[in-house]
Amino acid sequence: MSLIGREVSDFKVQAYVGGEFKEVSKSNIMGKWSVFFFYPADFTFVCPTELEDLANKYQDFKNINCEIYSVSCDTHFVHKAWHDASKTIQKIQYPMLADPTGTLTRDFDVMIEEDGLAERGSFIVNPEGKIVAYEVIAGNVGRNADELFRRVQASQFVAEHGDQVCPAKWQPGAETLKPSLELVGLI
C-alpha cells in the first residue's frame, strides 16, 4: 500500500542536535520541507557513510528550506555517544531523532519487527506534513544525498508548478513537461 499523500502522524521524540538534547514533534515539520532518513543503527558500517554524505550536503538542503531528520531506533543518549566517538558523525548538524519505541519507524512503515531496527527508508515530506516521495532499500546498500536532494528540488518544483512534471534526471532550470493529449506517444 502506497504512503504517497499520507500525512505524518503526530509524534514527539528526543533528538540529539547541536550538542544538546531537544524535543522534536510534528509541529516542527509543518510549514517547511523535510526529509526523514531512517537507518538501521548507530555504530554500524554503511550508516555512517550515508549520514556523512547528508552532513556534507546539509547546507544545500537548508538553502531550499528543507530540514533533514535522521532516525534510528537508538536512544538520544546513543546518538550523543556515537557523535562523541566518531569523527564522521561529528560532522552532523541536522537533528538525529531517537525512536527507541519504534513509533516513527512503524508510522513510516520501515520497522523490521524481528530485529527492532529500521529499514533504509528516505521520505520527502511537504510543508503540509504529507509524504510526497519515498524510497526503501536493502540494508546492505547505501543511499546518495545528491539524488535525494534532486528529488526534493523536483518535488518542490511540481508543488509550485502544478501543471508541469519533471522528467528523468531533471535538474533545476532544465526543461519540464506539461502533460497533454498532444504529448501522448511523442516522448
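Not measured: the values here are computed from a predicted model.

## A short note on the overall build of the protein
Then step 1. Of the regular secondary structure elements, the protein holds 5 helices and 9 strands.
Then step 2. Shown N-terminal to C-terminal, the secondary structure of the protein runs as helices and strands in the order β-β-α-β-α-β-α-β-α-β-β-β-β-α.
Then step 3. Taken over C-alpha atoms, the radius of gyration comes to 17 Å for the protein, in line with the 16 Å a tight globule of 187 residues would show.
Then step 4. Structurally, the protein occupies a C-alpha span of about 60 × 30 × 30 Å along its principal axes.
Then step 5. Within the span of the protein, comprising 187 residues, buried residues form 46% of the whole.
Then step 6. Counted over contacts in the protein with a minimum sequence separation of 6, partners at least 24 positions apart contribute 64%.
Then step 7. In the form shown here, the protein has an accessible surface area of approximately 9700 Å², with 52% of it arising from carbon and sulfur atoms.
Then step 8. Side-chain charges of the protein comprise 18 positive and 27 negative groups, with the mean position of each set lying 3 Å from the other.

## A closer look at the UniProt feature "active site" (unreviewed entry) in the protein
Then step 1. What UniProt calls "active site" (unreviewed entry) maps, in this numbering, to Cys47.
Then step 2. Tracing the sequence through the fold places Cys47 in helix α2 (residues 46-63).
Then step 3. By relative accessible area, Cys47 is classed as buried at 1%.
Then step 4. With sequence-adjacent residues up to four places away left out, Cys47 is seen in contact with Tyr39, Pro40, Ala41, Trp82 and Arg120.

## Here we look at α2
Then step 1. Over its 18 residues, α2 runs 27 Å from end to end, which matches the ideal 26 Å to within 8%, given 1.5 Å per residue.
Then step 2. Bending of α2 peaks at approximately 55 degrees at the position of Lys57.
Then step 3. Taken residue by residue, α2 has Cys47, Pro48, Glu50, Leu51, Leu54, Ala55, Lys57, Tyr58 and Phe61 as its buried positions.
Then step 4. Residues of α2 that are buried in the fold lie against β3 (33-38), β4 (66-72), α3 (76-85), β5 (96-98), β8 (120-125) and α5 (145-160).

## Examining the pairing of strand β2 (residues 20-25)
Then step 1. Here strand β1 (residues 12-17) runs beside β2; their pairing, made up of 6 bridges, is antiparallel. Within β2, the residue paired with Gln14 across the bridge is Glu23.
Then step 2. Linking two consecutive strands that pair antiparallel, namely β1 and β2, is a turn of 2 residues; a positive phi of about 60 degrees is found at Gly18 within it.

## Describing the packing of aromatic side chains
Then step 1. The tally for this structure, following the rule as stated, stands at 14 aromatic pairs.
Then step 2. For the ring pair Phe11 and Phe36, a centre distance of 6.1 Å and an interplane angle of 85 degrees mean the geometry is edge-to-face. Taken together, the residues span a long stretch of sequence, with Phe11 in the segment before β1 and Phe36 in strand β3 at a distance of 25 residues.
Then step 3. We note Arg143 situated over the ring of Phe37; from NZ or CZ to the ring centre the distance is 3.6 Å.

Cut-off values and rules
- Residues numbered from 1 in each chain as written.
- Predicted model: local features only at pLDDT ≥ 70, side-chain atom pairs only at ≥ 80, totals over all residues.
- Heavy atoms only, no water.
- Helix = DSSP H or I, 4+ residues; strand = E, 2+ residues; numbered from the N terminus.
- Rg over C-alpha atoms; globule rule 2.2 N^0.38 Å.
- Buried < 20%, exposed > 50% of the residue type's maximum accessible area, 1.4 Å probe, protein only.
- Contact = heavy atoms within 4.5 Å.
- Areas by Shrake-Rupley, 256 points an atom, 1.4 Å probe, with all protein chains shown as cover.
- Lys, Arg positive; Asp, Glu negative; His and termini not counted.
- Charge placed at Lys NZ, Arg CZ, Asp CG, Glu CD.
- UniProt positions renumbered as here; feature names shortened; annotations may be inferred.
- Expected span 1.5 Å × (residues − 1).
- Bend = angle between axes of the 7 residues up to and from the residue.
- Pairing = 2+ DSSP bridges.
- Phe/Tyr/Trp six-rings, centres within 6.5 Å; stacked < 30°, edge-to-face > 60°.
- Lys NZ or Arg CZ within 6 Å of the ring centre and 35° of its normal.

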